[in-house]
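Here is what each chain is made of, one letter per residue.
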Amino acid sequence: MDALDKMEIIFKIAELILTFLGLVLVIFGWIIPYRQSIKTQNKSKLNEIEFQKNMWKKELVDKQISLFYGPISELLREDHIIFHFVLDEMGRRHVFEDGQHKMSDLSQDDQKRWKHYVDCYKIPTQNKILEIIRENKHLIYKSEIPTSFDRYMKYALGWQFLDEQYRKGIPNYYDYYFTYNFPSDFTKYINETLVLLLTK
């Protein structure tokens, strides 16, 4: 084997090595961007899922505000204002003072005022709130029903039940007076939760 043949073999080996190195570089050049592309796609999917979760949370909060806590809060506020108009007209802090439990304990004018308030505002407002609760119970914050809800339901349904009996001539003790006091913790819960949702 002469020097020329040896040189030719060396060049062929070098050519094979360079071809092999080129092939390795091409493979790595393809694998690295591919892996980077997969990482980018996965990150993009995770971002999309997170964005969707945030959108669902925002939609839920919007519904909780617009269909549940907001309307109930407004109805309670309006009822509170009207109730205090009635108290101002009566010139007292309570409709029925200590020891008073019947309409006959009130003056004729105060009886008319109280009946008008109960018939036109109190019971219709309570019925609207009950309807909102029935239709949108799934929107209760964190799906945790507070005890104040049960107290409010008992209060509102008690008024409704006794008033319906009274109007149909069924004997009961109701004379535009119900022994349960309004559960003020219900109003507190509604308003505090509304403020919390509005800050989200």
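1. Brief notes about the overall build of the chain
Counting secondary structure elements, the chain contains four helices and zero strands. Ordered by position from the N terminus, the helices and strands of the chain form the series α-α-α-α. In terms of overall size, the chain is more extended than a compact globule, its C-alpha atoms giving a radius of gyration of 37 Å where 200 residues would be expected to give roughly 16 Å. For the chain, the residues scored as buried account for 28% of the 200 residues in total. Pairs at least 24 apart in sequence give 69% of the contacts found in the chain among residues at least 6 apart. Positive and negative side-chain charges in the chain, numbering 28 and 28 respectively, have mean positions lying 3 Å apart.

2. Considering the packing of aromatic side chains
Tallied over the full model, the rule gives 14 aromatic pairs. Summarising the aromatic geometry, the rings of Phe83 and Trp114 are spaced 6.3 Å apart at their centres and angled 70° between planes, so their arrangement reads as edge-to-face. One end of the pair, Phe83, is in helix 1 (residues 3–90); the other, Trp114, is in helix 2 (residues 108–136), and 31 residues separate them in sequence. Among the residues examined, Trp114 registers a relative accessible area of 5% and is labelled buried. These aromatic residues form a ring-pair network of at least three members: Phe68, Tyr69, Phe149, Tyr152, Tyr155, Phe182, Phe186 and Tyr189.

Parameters at a glance
- Residues numbered from 1 in each chain as written.
- Predicted model: local features only at pLDDT ≥ 70, side-chain atom pairs only at ≥ 80, totals over all residues.
- Heavy atoms only, no water.
- Helix = DSSP H or I, 4+ residues; strand = E, 2+ residues; numbered from the N terminus.
- Rg over C-alpha atoms; globule rule 2.2 N^0.38 Å.
- Buried < 20%, exposed > 50% of the residue type's maximum accessible area, 1.4 Å probe, protein only.
- Contact = heavy atoms within 4.5 Å.
- Lys, Arg positive; Asp, Glu negative; His and termini not counted.
- Charge placed at Lys NZ, Arg CZ, Asp CG, Glu CD.
- Phe/Tyr/Trp six-rings, centres within 6.5 Å; stacked < 30°, edge-to-face > 60°.

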